[in-house]
Amino acid sequence: MSTRALRRLKGKQRGQEALDAGDLTLDDSPEELLDTASGSPPSDSKGRKAKKNKAQKNFSNIYELIGDADNEAEIISPDEEEDKPDKNKTSGTEKKDDIEKPDEKQENASTKSSGDRVKKKKKKKKTKVTEGQEAVPDDNIDLILENLEQSNGLGLQNEDCGGSDRRSVLHVEHRNLNSETELKRYFGARAVQGDQRPRQRNRQFHRSTWMTIPKDSWPRFSRPGISMTLLQSKDGIQYFTFEHGRDYQQVQFKFLDAVESMDPNNIVALLQLNPYHIDSLLQLSDVCRIQEDQEMARDLIERAMYSFECAFHPLFSLTSSTSRLDYLRTENRAFYLALYKHMMFLEKRGCPRTALEYCKLILSLDPDSDPLCMLLLIDFLTLRAREYHSLLQLHQEWEEHRNLSQLPNFAFSTALCHFHLSQLEDVDPEESEKERHKADQLLQDALIMFPGVLIPLLDLCTVQPDAVVSSHVFFGPKSQLGQPPALAELTSLYVGRTHSLWREAAVMLWLEESVKEVLRRVDAKDPLVEECQNKRKQRYQSAPRNIHRHVLLSEIKEATSSLPLEVTSQPVMGFDPLPPLDSVMSYTRPERQHVGATNESTLSLFFRSLLPNFNLQGGPRPEDELEVARAGQELNQEVNRLMVAMRDMLANIRFQEPPRDENPYRDEEEWD
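Residues numbered from 1 in each chain as written. Predicted model: local features only at pLDDT ≥ 70, side-chain atom pairs only at ≥ 80, totals over all residues. Heavy atoms only, no water.

Some points on the packing of helix H18 (residues 378–385) against helix H19 (residues 388–402)
Now for step 1: Here H18 crosses H19 at 155 degrees, and the two axes come no closer than 8 Å. Put simply, H18 runs roughly antiparallel to H19. Mapping the contact onto sequence places Ile378, Asp379, Thr382 and Leu383 in H18 and Tyr388, Ser390, Leu391 and Leu394 in H19.
Now for step 2: Looking at the contact of H18 with H19 residue by residue, the class counts come to five nonpolar, two polar and one charged. (Axes fitted to C-alpha atoms, helices over the stretch in contact; angles between N-to-C directions. Helix = DSSP H or I, 4+ residues; strand = E, 2+ residues; numbered from the N terminus. Parallel < 35°, antiparallel > 145°, perpendicular 65-115°, else oblique. Contact = heavy atoms within 4.5 Å. Nonpolar A, V, L, I, M, F, W, Y, C, P; charged D, E, K, R; others polar.)

In C-alpha cells, the structure reads:
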C-alpha cells in the first residue's frame, strides 16, 4: 500500500477529519444514492428511513471522504446561495442549538437537496473538532491498522513503517525519476517539449509509468511472460522476485544460443519476434553503444524498463525504500542492470539529479549487499547534482555500520562537500568559516590516508605538480607502487570518474594549500601518518566481487586496467557481468549435445557442413540414434561414391594455356 493510499485511509491527506466506525454506514440503498446525486427530493419512505436511522450519519456523497475541509471552500448549491445572507447572521448560540438538536436537523435534511445535506454534515464535523472528539476515532483507526499489519504481515509504507532509519537517505521522489522534470528546470518547458503536438492518428495507448515514457514508435506491448511475486514480509520490509513464464524461458534459451553464435543479427531476429525480451534488449543496447548509436541504445534500455514496470507487483514501491530484490536470483539481475545503464545514460545526457534518484533506487533494492556497489558512485552524482547536505547526511548515518570513510571516494567527496558549502553566497561568515575549517581537516586526513590519489588526479587535471611534491617520498611514485591491489583499484576508479570535479580554480587552490599542510605534518612525524600507513597494509588486500562488477560496468580504463587476472581472464557477458558464485537459479538451461570431432579430418568436416547427418565413423548420431543406425551404412556408401567421383574430377582437370598473341610486334600504345 502506498503512502498516499495510507494517508487517505488515516484521514491525513487533504485535511480530512477523523471518522467514527459508526459513520461509515451502508444503510442507504442504491436508489437513495441516485436520488441524492440527482438532487431530487426523497420520497416519504426514504424520509421514514432517515428518521429510523437518525442516530447514525449517512453519507450521501462518497467523495466527502476525500474532501479538503481546511483549505478548500465549501461547496454551495444555487439554493444555498439564496439563503447565504440569512445564514451569515446566525450567532454562536444558533450553532449550539444545531449541536443539541440533531434530530431536527436529520428530519430537515430528508426534505432538502443533497447540497444542503453536505453542508450541514460539514458543520457537524467542525463542531466535533471544537469539542475535542477527534482523538478517539484516530485511536480506533490506528488500532485497526495495527491489527491489519499483524494479520497480513505486510508493512505499510508510511512514516512509521519499518526501515525509517534509511528512508531519509534513500527516499526517492516520483517526479525526480523523469528526466524531463530536470530538463524543464534548466531550459524551460517550451524548450523541452517544443511546439509539436502528438498526432492522434494511429496513436497507441500505453500504460502510464513512472520510470519511462512510452513512445509511439515502440512495438505494441504484449506481456512477455515476466511477473513479480512477493516472497515474504518481515519487519516492514517486503522481499520480491521476478519470475519467468514457460514461454519466456524458451525465449531465454534461444537468446543464449544467439549470444554463443557471436552474431548480433541473431539477437535482432529474436527481438523481431519478441520485442520486449529483456536480455536481448540489454545485449543489443551494448552493441549499439559500441557502434556509437547512443540514441538507439538508450531507447532499447527504456523499452526494457517499461517491460519491467508493467510487471511490478501491486505492493512493490519505487519510492519507499522498503522493497527488496535479491541479486542472487538470476531473474532479478536484469532489472539492476537496466536501471544502472539507464542511470549512466542520464548522467551523460546532463541530468545528474535524475541519475541520483536512480542511484538511490538501486541502492535501496539491496542496501546491505549492494551488488552493484553504488556507494562508489553516489558521491559523484550527489556532487554533480549539488545535493551536498544529502551526501553529508548519508555519510553521517552510515559511517557507523559501513565505515564509509575507509573508501577513497567518500573521504575526498565529503571534504569537497564542506568546501562547496563554505563557498555559498547566502551563508553567514561564521558558518562559512566553520565549513571551510571542516573541509581543510577532512581533505588533509584523506590525503594522509590515501596519498596515491594526488599525482594521478593532477595528471588527469593537466596540472603539473610542484617539484617538492613530486619528489617527496610520501606523494612520489613509491606511494603508488606500494599500494595494495584493492586500494589501487579503488583509487584509480575514483580518479578516473571524478577528476572533472577538481578542475575548478578555487578547488585547485584549496587542494594546493592542503597538500602543503600535509607535507608539513608528514615531516613533523604526525602520529596519524604512521597509523594510516598501518591501516593500508592490513586492509585492502583483496576487493570483493561486487567492486569488480562495478569496475566492469563503469568502463573506466584507469580502473579496468587494475583488475586482477582472475577477473580479466574469464569471459564477461553484458547481460550478466560477473555473476555471483552462489547464484540462485529457478530453472536451468537444457544441456546441448555436442558431437566430438577431434578425430575427424578436414574433408570430414567439409562433408559435415554439407550434410549435417554425415558421420564418417558410421556411429549413431545422439539426437536420432535409431534412424541413423538403420541408414548409417547406406549413407557411408553414398559418401564413398561421392569421394571417388571427386577424386576422378580432380585428376581429370586440365588447365588450358592462355592464347598467344599472333602479332607480338604490335604497338602497345595503340589501345590507349
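Things to note about the pattern of salt bridges
Now for step 1: Summed over the entire model, instances satisfying the criterion amount to 22 salt bridges.
Now for step 2: Of the charged contacts in the structure, one is a salt bridge between aspartate 299 and lysine 215, with a shortest N-O distance of 3.1 Å. Pair noted here: aspartate 299 is in helix H15 (residues 294–309) and lysine 215 is in the loop between helix H11 (189–193) and strand S1 (226–234), with a separation of 84 residues, a long-range link.
Now for step 3: Take aspartate 299: its relative accessible area is 11%, and that puts it in the buried class.
Now for step 4: Linked through salt bridges whose partners overlap, the residues forming this network are Lys215, Glu295, Arg298, Asp299 and Glu302. (Salt bridge = Lys/Arg side-chain N within 4 Å of Asp/Glu carboxyl O. Buried < 20%, exposed > 50% of the residue type's maximum accessible area, 1.4 Å probe, protein only.)

Quick look at unusual backbone geometry
Now for step 1: The backbone of aspartate 235 shows a phi angle near 55 degrees, a positive value even though the residue is not glycine.
Now for step 2: Unusually for a residue other than glycine, glutamate 555 sits at a positive phi of about 60 degrees.
Now for step 3: Structurally, the position occupied by glutamate 555 is in the loop between helix H28 (545–554) and helix H29 (557–560).
Now for step 4: Given a relative accessible area of 48%, glutamate 555 falls into the partly exposed group.

Some remarks on the sheet that holds strand S2 (residues 237–244)
Now for step 1: If you walk across this open sheet you meet the three strands as S1-S2-S3, and the pairing is mixed. Each of the sheet's edge strands pairs with one partner strand only, and the pair in question is S1 and strand S3 (323–325). Going across the sheet, the axis of each strand differs from the next one's by a mean of 35 degrees, ignoring polarity.
Now for step 2: Where S1 and S2 come together, eight bridges link them in antiparallel fashion. Among the inter-strand pairings, methionine 228 is bridged to a residue of S2, identified as phenylalanine 242.
Now for step 3: Relative to the sheet, helix H16 (residues 330–349) contacts S2 and S3, its axis offset from that of S2 by approximately 100 degrees. (Pairing = 2+ DSSP bridges.)

Topic: a negative patch on the surface
Now for step 1: On the surface, a cluster of negative charge is contributed by Glu425, Asp426, Asp428, Glu430 and Glu431.
Now for step 2: Classification of aspartate 426 by relative accessible area gives exposed; the value is 68%. (Patch = residues over 30% accessible without salt bridge, like charges linked within 9 Å, V, L, I, M, F, W, Y side chains within 5 Å. Areas by Shrake-Rupley, 256 points an atom, 1.4 Å probe, with all protein chains shown as cover. Lys, Arg positive; Asp, Glu negative; His and termini not counted. Charge placed at Lys NZ, Arg CZ, Asp CG, Glu CD.)

A closer look at the packing of aromatic side chains
Now for step 1: Enumeration according to the criterion identifies 19 aromatic pairs in this entry.
Now for step 2: Taking the centre distance of 5.0 Å and the plane angle of 80 degrees together, the rings of phenylalanine 221 and tyrosine 276 count as edge-to-face. In this pair, phenylalanine 221 sits in the loop between H11 and S1 while tyrosine 276 sits in the loop between helix H13 (264–273) and helix H14 (278–290), placing the two residues 55 residues apart along the sequence.
Now for step 3: According to the relative accessible area criterion, tyrosine 276 is buried, its value standing at 2%.
Now for step 4: Ring centres of phenylalanine 450 and tyrosine 540 lie 6.3 Å apart, and the angle between their planes is 70 degrees; on these two criteria the pair is classed as edge-to-face. With phenylalanine 450 in the loop between helix H21 (429–449) and helix H22 (454–460) and tyrosine 540 in the loop between helix H27 (527–538) and H28, this residue pair connects regions lying 90 residues apart in the sequence.
Now for step 5: In this structure tyrosine 540 comes out as buried when scored by relative accessible area, which is 12%.
Now for step 6: By the ring-pair criterion, three or more aromatic residues cluster together here, those being Phe240, Phe242, Phe308, Phe312, Phe316 and Phe335.
Now for step 7: Directly above the aromatic system of tyrosine 276 lies the positively charged group of arginine 303, at a separation of 5.9 Å from the ring centroid.
Now for step 8: Over the aromatic face of tyrosine 327 sits the side chain of arginine 333, whose NZ or CZ is 5.8 Å from the ring centroid. (Phe/Tyr/Trp six-rings, centres within 6.5 Å; stacked < 30°, edge-to-face > 60°. Lys NZ or Arg CZ within 6 Å of the ring centre and 35° of its normal.)

Some details on the side chain of serine 320
Now for step 1: Structurally, the position occupied by serine 320 is in the loop between H15 and S3.
Now for step 2: Side-chain polar atoms of serine 320 contact the side chain of serine 317, separated by 3.3 Å. (Polar contact = N/O pair within 3.5 Å; in protein donor to acceptor, adjacent residues only side chain to side chain.)

Digging into the environment of threonine 322
Now for step 1: Topologically, threonine 322 is positioned in the loop between H15 and S3.
Now for step 2: A sequence separation of 42 residues divides threonine 322 from serine 364, and the C-alpha atoms of the two residues are 7.4 Å apart.
Now for step 3: Polar side-chain contacts of threonine 322 include one of 2.8 Å to the side chain of serine 320.

Some thoughts on the nonpolar core
Now for step 1: By size, the foremost hydrophobic cluster in this structure holds 128 residues, and its most contacted members are Phe335, Met343, Trp502 and Leu511.
Now for step 2: When residues of this core are assigned to their parent elements, the largest contribution, 11 residues, is made by H16.
Now for step 3: Structurally, this core is a two-domain feature, drawing no fewer than three residues from each of domain 1 (180–187 + 211–369) and domain 2 (373–568).
Now for step 4: Contact partners of leucine 511, with chain neighbours within four places excluded, come to Leu443, Leu447, Leu454, Leu457, Leu458 and Trp502. (Core = buried A, V, L, I, M, F, W, Y, C linked by side-chain atoms within 4.5 Å. Domains from an automatic or database assignment.)

A look at H14
Now for step 1: Between its first and last C-alpha atoms H14 spans 19 Å; for 13 residues at 1.5 Å apiece the expected length is 18 Å, and the two agree.
Now for step 2: For H14, the buried fraction is high: 12 of the 13 residues fall into the buried class.
Now for step 3: Buried residues of H14: Ile278, Asp279, Ser280, Leu281, Leu282, Gln283, Leu284, Ser285, Asp286, Val287, Cys288 and Arg289, and no others.
Now for step 4: Count one or two residues on from H14 and you reach glutamate 292, which has phi positive near 65 degrees. (Expected span 1.5 Å × (residues − 1).)

Points about the packing of H21 against H27
Now for step 1: Two elements in contact, H21 and H27, have axes separated by 9 Å at closest approach and are oriented at 50 degrees. Taken as axis vectors, H21 and H27 run oblique relative to one another. Residues Asp445, Ile448 and Met449 of H21 form the contact with H27, whose own contacting residues are Leu528, Val529, Cys532, Lys535 and Arg536.
Now for step 2: Taken together, the residues of the contact of H21 with H27 sort by class into five nonpolar, no polar and three charged.

These values are about where atoms sit, not about what they do.
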